[in-house]
Amino acid sequence: MLPEGGFGSLLLCVIVALPTPVIAADETDIVLAEGPGREQVQAACSMCHSLDYIVMNSPFQDKAAWEKSVRKMVTVMGAPLTAGDVAAIVAYLDGHYGKQPAADAPH
Amino acid sequence: MDRRRFLLGSSSALGASLLLPNRLIAAANADLPAGAVVSAVMDALPGKRPLIKRSFRPPNYETPLAFYRQALTPNDAFYVRWHMGVPDVALAEWRLRVAGPAAITPREFTHPELLRKFKAHEVVAINQCSGNRRGLFTPHVPGVQWGYGAMGNAVWRGVRLKDVLEDAGLAAGALEVKADGADAPTLTGPDFVKSLPMWKALDADTLIAFEMNGEPLPRWNGFPARLVVPGWTATYWTKALTELSVLDRPFDGFWMKTAYRVPRGLFGASGFDSQDTEQNSPITAIRVNSLVIDPAPGATLPVNRRSEVLGIAWDGGSGISNVEVSLDGGASWREARLGRDLGRYSWRQWRFSLKPAQAGAFTLMARARARDGSTQADTLIPNPAGYHHNVVQEADFHAA
């Protein structure tokens, strides 16, 4: 799920060629699943943390668990999000990284 | 270009077998959330070896199992855990302030002043994140999805917290010591601030440490000074320490009152009465635990030849009394041989010889017992934040 898309084939070449595969990657290479709400998620969540937190915490959280996490970011951590933002972000996280079998969730 | 990485996780799209050259780093993967496996990469922070990256920002990096073969964990392989941005402190400008409503005379020290005024003290102690092994919880719970490597063992050197506090003078009502570091929240969230009960703050082994393993603390591990609170989980080991405040009432910051809590009584008394509520307690002492190190689980051992398994065991400071190993699913247990005792807060190496009689898979279970009589859990003790995973390990091997 993480460095994917066009990057994947390049990656394989490097790995075959070297005993210790080297990838120039950092948090900007984290690619979240495409879908409505992705831009809001990227903008909101990356204010304070890298987006690997989302991938790492999947796919075991149901919608209520994701909503709890997002609300904590607003009420405790001070994320400046509107109710609409929260709804869109939770829907995206549940749809792509949620517990139910979602097409884009890893494995 | 100094950042060397390779994928640690197994992602079918990228060819799992090619990406997993080293089983030593993969021991926990079978039990981690799938997303935690694919999002992990080996990555080197400046001054560090490649470690298992759990998150880039804040940096949360896990020590690979192979480094635990050494009794002391090398500084450049020591795990990294931050809640917020990592401060870059200039030693010449660094000050430690000691104040608070229950401190008689507020003080401020430079680094040379602390070294000159107070006697140096050393302790060997394990530093273990409260959430070490959270990723192995079933069912999974949110948080940094650590495998086995959010811990390390080191010689810590500095001055006693007790000496510094007593220099400022403690008022009769002194109840807790609050510790703050140079890190700060990004937005309006709560600063990462912790507190200790007076008895733990005044313990002769609780330090303001400047060195680990004979070197200055790496920036990633709290340069220039951090609290060392032997026996207690690392949440209390405040990094880049700048301020101590002696309080006459319980500190009610988020990271004490709300976070780092366990259900009351589930793991025994907290030892931190002023922070207990009816429902829950702060996480405090490390639970007795052990880990198979070498050969790493998954390895193949020779049939009819003697192999030696190396492991480590530790607890919250009573010391390890014995480690037992079972090769028959827990029906019978034999004693492992304990290695050198580096002190009651250090982990203790153990070794166990075995000679597989036939080819095939087998499981080695290891169970440590502490001098206080406590032993590892047979089954997971669920708790909301995923703390204190000390279930008896079942390490799978092959014989061939």
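Residues numbered from 1 in each chain as written. Chains lettered and ligands numbered in written order. Predicted model: local features only at pLDDT ≥ 70, side-chain atom pairs only at ≥ 80, totals over all residues. Heavy atoms only, no water.

**Digging into the packing of aromatic side chains**
Residue and element names in this part refer to chain B. We count it as follows: Ring pairs shown here join Phe, Tyr and Trp side chains whose ring centres sit within 6.5 Å, with only the six-membered ring taken for Trp; geometry is labelled stacked below 30 degrees between planes, edge-to-face above 60, and tilted in between. A run of DSSP states H or I qualifies as a helix once it reaches four residues; a run of E qualifies as a strand once it reaches two. Both are numbered from the N-terminal end. Classification of residues uses two cut-offs on accessible area relative to the type maximum, computed with a 1.4 Å probe and protein chains only: under 20% is buried, over 50% is exposed, and between them is partly exposed.
Counting across every chain of the model gives 18 aromatic pairs over all chains. Judged by centre distance (6.2 Å) and plane angle (90°), the rings of Tyr79 and Trp146 are edge-to-face. Here Tyr79, found in the loop between β4 (60-62) and β5 (80-81), pairs with Trp146, found in the loop between β8 (120-128) and β9 (151-160); they are 67 residues apart in sequence, far enough to count as distant. Here the two residues Tyr79 and Trp146 agree in accessibility, since each one is buried. Residues Trp94 and Phe210 carry aromatic rings whose centres are separated by 6.4 Å and whose planes lie at 85° to one another, so their mutual orientation is edge-to-face.

**With respect to the nonpolar core**
Residues and elements named next belong to chain B. Quick note on the threshold: Nonpolar cores were defined as sets of buried Ala, Val, Leu, Ile, Met, Phe, Trp, Tyr and Cys residues, with membership established by side-chain atoms within 4.5 Å. Should any heavy atoms of two residues lie within 4.5 Å, those residues are counted as being in contact.
Grouped together as the largest cluster of nonpolar side chains are 105 residues, with contacts concentrated most on Trp156 and Ile208. The contacts of Ile208, once residues within four sequence positions are left out, are Leu96, Gly158, Val159, Leu161, Val164, Ala225, Arg226, Leu227, Leu241 and Leu244. Core analysis: the next-biggest nonpolar cluster, separate from the first, contains 21 residues, Leu301, Val323, Ala336 and Leu364 among them.

**Some points on helix α4 (residues 161-168) of chain B**
Residues and elements named next belong to chain B. This is how the line gets drawn: Directions from the helix axis toward the C-beta atoms define the arc.
The set of residues buried in α4 consists of Leu161, Val164, Leu165, Asp167 and Ala168. Around the axis of α4, the buried residues are gathered within 155° of arc, so they sit on the same side. Just downstream of α4 lies Gly169, where phi reads positive at about 90°.

**Section: the domain arrangement of chain B**
All names here are of chain B. Spelled out, the test is: All the domain ranges listed were derived from an automatic or database domain assignment. Once two parts are brought into contact, the accessible area they lose, counted with a 1.4 Å probe and summed over both, makes up the buried area. Two N or O atoms form a polar contact when they lie within 3.5 Å of each other; inside protein one atom must be a possible hydrogen donor and the other a possible acceptor, and for residues adjacent in sequence the pair counts only when both atoms belong to side chains. Ten residue types, Ala, Val, Leu, Ile, Met, Phe, Trp, Tyr, Cys and Pro, are classed as nonpolar, four, Asp, Glu, Lys and Arg, as charged, and the remainder, Gly among them, as polar.
Structurally, chain B comprises domain 1 (3-81), domain 2 (91-128 + 152-282) and domain 3 (289-399). Tallying the contact residues gives twelve residues for domain 1 and 18 residues for domain 2. Around 1200 Å² of area is buried between domain 1 and domain 2 when both sides are counted, 53% of it from carbon and sulfur atoms. If you look at where domain 1 meets domain 2, you find ten residue pairs in polar contact (both at pLDDT 80 or more). Grouping the amino acids of the side of domain 1 that touches domain 2 by side-chain chemistry returns eight nonpolar, two polar and two charged.

**What to know about the side chain of Arg160 of chain B**
Residue and element names in this part refer to chain B. Worth spelling out the cut-off: In this count, Lys and Arg are taken as positive residues and Asp and Glu as negative ones, while His and the chain termini are left out. By convention in these notes, a salt bridge is any Lys or Arg side-chain nitrogen within 4 Å of a carboxyl oxygen on Asp or Glu.
Within the secondary structure layout, Arg160 lies in strand β9. Asp163 provides the closest opposite charge to the buried, salt-bridge-free Arg160, at an N-O distance of 4.6 Å. One polar contact links Arg160 to His121, side chain to side chain, over a distance of 3.0 Å. Here the side chain of Arg160 touches Ala204 through a polar contact of 2.8 Å, landing on its backbone oxygen.

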